[in-house]
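Coordinate analysis (summary)
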Amino acid sequence: MADAFPLGVSSPEPTGKPRWSRKVKADNIAGYLFLAPWIIGLLAFTVGPMLASGILSLTKFSGFGAIKWVGFENYDKIFQDKLFYTSLYNTSYYAFLGVPAQLLVALCLAVLLNMKVRNVNLFRTVYYIPTVTPTVANVFLWVWIFNFDFGLINSLLRLVGVAPVNWLWDPQIVKPALILMSLWAVGQQMVIFLAALQGVSEELLEAASMDGANNIRRFFSITIPLISPVIFLNLIIGIISLFQTFTVALIATDGGPINSSLFYVLYIYRKGFQSFAMGYASGLAWILFLIILVITAIQFYLARRWVYYESGSAPS
């Protein structure tokens, strides 16, 4: 009987796995091997500690010795703790006033640095340097600037005949002073805004100019809507970052005066590593996680009303 297929024409592959399945498997294995360090780090340094802190929050543990299961007793004590509400208020005050101030300053700097002027790259570098400077060094610099006796700001105030201000040790002024300090390192937000501004369509700006729109009208009617996703990004990052402020308060004021700069993470540190109440501190940490989660979810919901995406889709 003659062959069913002419000479030189191979018969079709038998049914089953295709020829390239082995190569695909090898590529998948290679991909997982490349991801393995990140996955191991995520499990070991993020997911693992989170689960451990969740379990510890239901126990009484000093960090040494035996662990005693207490259920939700730590959470009951937290909601009866006056310092919990004080630290939460201080942190909320710092975050909800500091984030808009940071966004405004970073956006203004980005607009200025987006101009085509001489040596603009030098100015961009200068404004970004505080961001890469260690936080401890920045804080010590500002402690000197805010010093009551010989600080730079009070020295300038004395020159113009104004009484010096006890910036870091006045309960009414310490939080605004720390917010002012936080504006020193807005370089990261500034760079993100600068990248967004450089991506704004020149054609749209020129069309608006031909229709009679001045610079201010074009900025608020075209530029701001087009960079609104980046504003939203910096808003979310800023809120999460300022709610976790620790180093600034620890070094500059140690939570004083009269707990007026006792921020939430600093209070967690005190409970966990000074009072050795690890279970209590873990409960505080989980409450902070839930607070940030709720605030972020609310921001994503509200973003549908003011964030413009060229694709027409809003964040979900």
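The rules behind the values
Residues numbered from 1 in each chain as written. Predicted model: local features only at pLDDT ≥ 70, side-chain atom pairs only at ≥ 80, totals over all residues. Heavy atoms only, no water. Core = buried A, V, L, I, M, F, W, Y, C linked by side-chain atoms within 4.5 Å. Buried < 20%, exposed > 50% of the residue type's maximum accessible area, 1.4 Å probe, protein only. Helix = DSSP H or I, 4+ residues; strand = E, 2+ residues; numbered from the N terminus. Contact = heavy atoms within 4.5 Å. Polar contact = N/O pair within 3.5 Å; in protein donor to acceptor, adjacent residues only side chain to side chain. Phe/Tyr/Trp six-rings, centres within 6.5 Å; stacked < 30°, edge-to-face > 60°. Patch = residues over 30% accessible without salt bridge, like charges linked within 9 Å, V, L, I, M, F, W, Y side chains within 5 Å. Areas by Shrake-Rupley, 256 points an atom, 1.4 Å probe, with all protein chains shown as cover. Salt bridge = Lys/Arg side-chain N within 4 Å of Asp/Glu carboxyl O. Axes fitted to C-alpha atoms, helices over the stretch in contact; angles between N-to-C directions. Parallel < 35°, antiparallel > 145°, perpendicular 65-115°, else oblique. Nonpolar A, V, L, I, M, F, W, Y, C, P; charged D, E, K, R; others polar. Domains from an automatic or database assignment. Buried area = accessible area lost by both parts, 1.4 Å probe.

1. Brief notes about the nonpolar core
- Counting residues in hydrophobic clusters, the biggest one holds 61 residues, and the most contacted among them are Phe84, Phe146, Leu178, Phe193, Tyr264 and Leu284.
- Broken down by element, the residue count for this core peaks at 11 residues, all from helix H3 (residues 82–113).
- Leaving out residues up to four positions away in the same chain, Phe193 has contacts with Leu103, Ala106, Leu107, Ala110, Val230, Ile231 and Asn234.

2. What to know about the side chain of Ser228
- When you line up the elements, Ser228 lands in helix H11 (residues 228–243).
- Owing to a relative accessible area of 2%, Ser228 belongs among the buried residues under this scheme.
- For Ser228, the side chain forms a polar contact with the main-chain oxygen of Pro225, separated by 2.7 Å.
- Other than its neighbours up to four places away in sequence, Ser228 contacts Trp306, Val307 and Tyr308.

3. Examining the packing of aromatic side chains
- The full count for this structure, using the stated rule, is 17 aromatic pairs.
- Both rings, one in Trp142 and one in Phe146, keep their centres 5.3 Å apart while their planes meet at 45°; by these two values the pair is tilted. Each member of the pair, Trp142 as well as Phe146, carries the same accessibility label: buried.
- Three or more aromatic residues joined by ring pairs form one cluster here, namely Phe79, Phe84, Tyr85 and Tyr264.

4. Here's the deal with unusual backbone geometry
- Pro257 follows Gly256 through a cis peptide bond whose omega is -10°.
- If you trace the backbone, Pro257 turns up in the loop between helix H12 (247–252) and helix H13 (264–274).
- The backbone phi angle of Asp254 is positive, close to 55°, even though this residue is not glycine.
- Of note in the backbone geometry, Ile258 takes a positive phi value of approximately 50° without being a glycine.
- A residue is classified by how much of its surface remains accessible, and Ile258, at 73% relative accessible area, is exposed.

5. Description of a nonpolar patch on the surface
- On the surface, Leu141, Trp144, Phe150, Leu152, Leu156, Leu159, Val160, Val162 and Trp184 cluster together into a nonpolar patch covering about 900 Å² of accessible area.
- Of all elements in the fold, only helix H5 (135–145) and helix H6 (152–159) reach the threshold of two or more residues within the nonpolar patch.
- Of note, Phe150 is situated in the loop between H5 and H6.
- When its relative accessible area of 52% is taken as the criterion, Phe150 is described as exposed.

6. Observations regarding the packing of helix H10 (residues 215–226) against H11
- Across the interface, H10 lies against H11 with an axial gap of 4 Å and an inter-helix angle of 60°. By the angle between their directions, the pair H10 and H11 is classed as oblique. Mapping the contact onto sequence places Ile224, Pro225 and Leu226 in H10 and Ser228, Pro229 and Ile231 in H11.
- Within the contact of H10 with H11, the residues separate by chemical class into five nonpolar, one polar and no charged.

7. Quick look at the domain arrangement of the protein chain
- Partitioning the protein chain into domains gives domain 1 (22–56) and domain 2 (74–306).
- One C-alpha centre belongs to domain 1, the other to domain 2; they are set 33 Å apart.
- Taken over both partners, the interface formed by domain 1 and domain 2 buries close to 390 Å², and the fraction arising from carbon and sulfur atoms is 63%.
- Considering only the side of domain 1, the residues that lose the most area to domain 2 are Met50, Ser53 and Leu56, jointly responsible for 86% of the buried surface there.
- In this assembly, domain 1 and domain 2 are joined by zero salt bridges.
- Counting the contacts that link domain 1 with domain 2 gives two residue pairs in polar contact (both at pLDDT 80 or more).

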